[in-house]
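Structural description and commentary
If you want the building blocks of each chain, they are given just below.
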Amino acid sequence: MRKLMIAAVATFAVAGLAACGESAADKAAEQQADSIEATGEAQADALEAQADAAPTDAQEDALNAQADRVEEGADRAADRVEQQAGNADGGMTTSNTPTTN
């Protein structure tokens, strides 16, 4: 029981330290990125719904391809927002340290 308690306390302490490393700018960027991704996903879902109702296979394929492009574009835009926040804090947080993508 005592070992379990020590392990639990250690886990919370490590989680607390990790949370301290995230700046307000990082949190704001993460929220903005989540919003961008959600908007892109909603647009892609609408396109996919149109594709399901398309009268021809060619139109369905075109709408599904457009939905994929919208979602991929939103993901790239969200990644850029998080990377810029990583640049702003000097890459101090590993969760959004800039990459070469």
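Residues numbered from 1 in each chain as written. Predicted model: local features only at pLDDT ≥ 70, side-chain atom pairs only at ≥ 80, totals over all residues. Heavy atoms only, no water.

Looking at the overall build of the protein chain
- For the protein chain, the count of helices and strands is 3 helices and 0 strands.
- The buried share of the protein chain, reckoned over its 101 residues, is 20%.
- Considering only contacts within the protein chain whose residues lie at least 6 apart along the sequence, 53% involve residues at least 24 apart.
- Accessible surface for the protein chain amounts to roughly 7,200 Å². Of this, 57% is attributable to carbon and sulfur atoms. (Helix = DSSP H or I, 4+ residues; strand = E, 2+ residues; numbered from the N terminus. Buried < 20%, exposed > 50% of the residue type's maximum accessible area, 1.4 Å probe, protein only. Contact = heavy atoms within 4.5 Å. Areas by Shrake-Rupley, 256 points an atom, 1.4 Å probe, with all protein chains shown as cover.)

Points about the environment of Arg 69
- Here Arg 69 shows up in helix 3 (residues 57–88).
- Expressed as a C-alpha distance, the spacing of Arg 69 and Gly 40, which sit 29 residues apart in the sequence, is 9.5 Å.

Details of the nonpolar core
- Within the largest apolar cluster, 6 residues are counted, these being Ala 44, Leu 47, Ala 51, Ala 54, Leu 63 and Ala 67.
- Within the residue set of this core, elements represented by two or more residues are helix 2 (24–52) and helix 3.
- Per-element tally for this core: the top contributor is helix 2, with 3 residues.
- Setting aside residues up to four positions removed in sequence, Leu 63 forms contacts with Leu 47, Gln 50, Ala 51 and Ala 54. (Core = buried A, V, L, I, M, F, W, Y, C linked by side-chain atoms within 4.5 Å.)

A word on the confidence of the model for the protein chain
- Averaged over the protein chain, the pLDDT score is 79; the fraction of residues at 70 or greater is 63%.
- In the model of the protein chain, helix 1 (residues 2–20) stands out as the element of lowest mean pLDDT, 51, in contrast to helix 2, which has the highest, 94. (pLDDT = per-residue confidence, 0-100.)

Some thoughts on a negative patch on the surface
- On the surface, Glu 30, Asp 34, Glu 37, Glu 41, Asp 45, Asp 68, Glu 72, Asp 75 and Asp 79 cluster together into a negatively charged patch.
- Those elements that provide at least two residues to the negative patch are helix 2 and helix 3.
- Counting residues per element, the negative patch draws most heavily on helix 2, at 5 residues.
- Along the chain, Asp 68 falls in helix 3. (Patch = residues over 30% accessible without salt bridge, like charges linked within 9 Å, V, L, I, M, F, W, Y side chains within 5 Å. Salt bridge = Lys/Arg side-chain N within 4 Å of Asp/Glu carboxyl O. Lys, Arg positive; Asp, Glu negative; His and termini not counted. Charge placed at Lys NZ, Arg CZ, Asp CG, Glu CD.)

Describing the environment of Gln 84
- Locating Gln 84 in the fold gives a position in helix 3.
- Taking the C-alpha atoms as reference, Gln 84 lies 9.3 Å from Asp 26; in sequence the two are 58 residues apart.

What about the environment of Asp 45?
- Following the sequence through the fold, Asp 45 ends up in helix 2.
- Remark: the alpha-carbon pair of Asp 45 and Val 70, spanning 25 residues in sequence, is separated by 9.8 Å.

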